[in-house]
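Below are the chains, spelled out letter by letter.
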Amino acid sequence: MAKVVLKVGSNLLVKEDSINKTYIMNLVSVVNEIIEAGNQVAIVSSGAAASGRALLSPQGISRSILSKQALCAIGQPKLIEIYQQAFDFFNRHVAQILLTKDDFNNRQRFLNLRNTLIGLSELGIVPIVNENDTVSVDEIRFGDNDMLSAMFSICWGADYLFLMTSVDGVIGEDGKVLERFPVDNHNVKIADLGKTSFGTGGISSKIMAAKIAVESGVNAFIVNGRNLECVKSVLKGEKCGTQFVLSKQRKLSKRESWVKYISKPKGVLRINEGAHSALLERKSLLPVGIVNVEGNFEKGDVVIIEYQGKIIGRGITNYSSEELEQIKGLKSSEIPEDIYTYDEAIHADNLILEKS
């Protein structure tokens, strides 16, 4: 049994400024087949704003962020209704899940979301996921559902992420579809296809989302969403679309993925040369190597690590900012007993280094 995430953008869902119900019916039919084969499926779906526009007269509607938020509030219930009507043909139920970055940044909310998804899976409910545009502002917005689908895939522990678009995959400079895209090879040349008139994310956004997913252990593909048989082909082990792969580096654990890509750092630790050398040898960060503490954070928060003005990594701190201010520069044996809990400020297992 595989967990499958299908990300469907507005370029596929919208036809003449309204939701394409025929497409959703075809999509849901394929989803039902995948479920019948013993898999679990979640859909990350755009289309709330378009659904809202279809319910209101388009004349005089501003495309400002405020207007978009209002349109999404109006259109999201209708979008879910359309999905539920389609799934009714197969006697299945859907659950609406609206998310912002904060739901992933906060470790407890991240775990709560995971537990909710476990409960939905046990009930056989299909999650329909979208960004919570109604409450989102720049600081907590994803900007497009490509990144949301990658983070959701990590949280759910998905096996597959299909980023569905209007082309057959990533197009190389020669105009041909790339069957494999090594995410850790920065020399891959691709054609620039730009963005669609309805969507907010172009091919670069999808490649970044696929990179995050693959590094986190999720099999990621960009496929043509108008050829839904492609998804079934990939699940059967056949080639279709563009598969993203790691050529050299290892996959991250779920905790490492959360630290590197999902968490929101609450502070900065600036370190000395000795600590920098130790970290390069995959050792822990000790208080003696810290020269400066910035920000207000608690034990268990994620912080950035800087050396000579450059960000070299991030990790989960064992001490609060107030405690580190008192013990920075001290050997572990010199930490006062009323503060001491760990020898390490950040343990090596909770530390992710940036690639040089």
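As a convention, each chain's residues are numbered from 1 in the sequence order in which they are written. For this predicted model, a pLDDT threshold of at least 70 governs which residues receive local features, and a threshold of 80 or more governs which side-chain atom pairs are given and counted, while totals over whole chains, interfaces and linings are taken from all residues. Only heavy atoms go into the side-chain values, all of them from the structure, while hydrogens and water stay out.

Packing of helix α6 (residues 107-123) against helix α10 (residues 254-262) leaves a shortest axis separation of 12 Å and a crossing angle of 125°. The angle between the axes of α6 and α10 places the two elements in the oblique class. Judged by the sense of rotation from one axis to the other, the crossing of α6 with α10 is right-handed. Note on element contacts: α10 touches α6 through Lys254, Arg255, Trp258 and Ile262, opposite Arg107, Phe110 and Arg114. Residues are grouped as follows: Ala, Val, Leu, Ile, Met, Phe, Trp, Tyr, Cys and Pro are nonpolar; Asp, Glu, Lys and Arg are charged; all remaining types, including Gly, are polar. For the contact of α6 with α10, the class distribution of residues is 3 nonpolar, no polar and 4 charged. Orientation is described by lines fitted to C-alpha atoms, with helices fitted over the stretch in contact, and by angles between N-to-C directions that extend from 0 to 180 degrees. Think of it this way: any DSSP run of H or I at least four residues long counts as a helix, any run of E at least two long counts as a strand, and we number them from the N terminus. Working rule for angles: under 35 degrees goes down as roughly parallel, over 145 as roughly antiparallel, 65 to 115 as roughly perpendicular, anything else as oblique. Here a crossing is taken to be left-handed if its near helix is turned anticlockwise relative to the far helix by less than a right angle, and right-handed if that turn runs clockwise. It only takes one pair of heavy atoms within 4.5 Å for two residues to be counted as in contact.

Another aspect to go through is the sheet that holds strand β13 (residues 302-307). Here, a strand pair is defined by DSSP locating no fewer than two bridges between the strands. One open sheet accounts for 5 strands, arranged β12-β11-β13-β14-β15; its pairing is mixed. The open sheet has two edge strands with one neighbour each: β12 (290-295) and β15 (351-353). Averaged over all adjacent pairs, the angle separating strand axes in this sheet is 25°, with direction ignored. As paired strands, strand β11 (residues 267-271) and β12 are joined by 5 bridges and run antiparallel to one another. Residue pairing for β12: Arg270 is matched across the bridge by Asn292. The strands touched by α10 are β13, β14 (310-316) and β15; relative to β14, the strand with the most contacts, the crossing angle is about 135°.

So, about the packing of aromatic side chains. For Phe, Tyr and Trp, where Trp contributes only its six-membered ring, two rings pair if their centres lie within 6.5 Å, and the inter-plane angle classes them as stacked under 30 degrees, edge-to-face over 60, or tilted in between. This structure, assessed with the given rule, holds 6 aromatic pairs. Relative to Phe221, the ring of Phe162 lies with its centre 5.5 Å away and its plane at 20°, an arrangement referred to as stacked. Within this pair, whereas Phe162 is found in strand β7 (residues 160-165), its partner Phe221 is found in strand β9 (residues 219-224), the two being separated by 59 residues in sequence. Overall, Phe221 belongs to the buried group, its relative accessible area being 6%. One aromatic cluster in this structure is built from Tyr160, Phe162 and Phe221. Each residue's exposure class comes from its accessible area (1.4 Å probe, protein chains only) as a fraction of the maximum for that residue type: buried when under 20%, exposed when over 50%, partly exposed otherwise.

Next up on the list: unusual backbone geometry. One non-glycine residue, Asn91, lies in positive phi territory at about 55°. By secondary structure assignment, the location of Asn91 is in the loop between α4 (65-88) and β5 (94-99). At Arg282, a position not held by glycine, the phi torsion is positive, near 65°. Considering the arrangement of structural elements, one finds Arg282 in the loop between α11 (273-280) and β12.

Residues Leu99, Phe104, Leu117, Phe152, Phe244 and Ile262 are the most contacted members of the largest nonpolar core, which totals 46 residues. Listed by contribution, the elements that provide at least two residues to this core are β4 (40-45), β5, α6, α7 (145-156), β7, α8 (203-215), β9 and α10. The element best represented in this core is α7, accounting for 8 residues. When neighbours within four sequence positions are excluded, Ile262 is seen to be in contact with Phe104, Asn105, Phe110, Met151, Ile154 and Ser257. Working definition of a nonpolar core: buried Ala, Val, Leu, Ile, Met, Phe, Trp, Tyr and Cys residues. They are joined through side-chain atoms within 4.5 Å. In terms of nonpolar packing, the next biggest core, distinct from the first, is built from 37 residues, Ala86, Phe87, Ile128 and Tyr160 among them.

Functional significance is not addressed by these values, which are geometric in nature.
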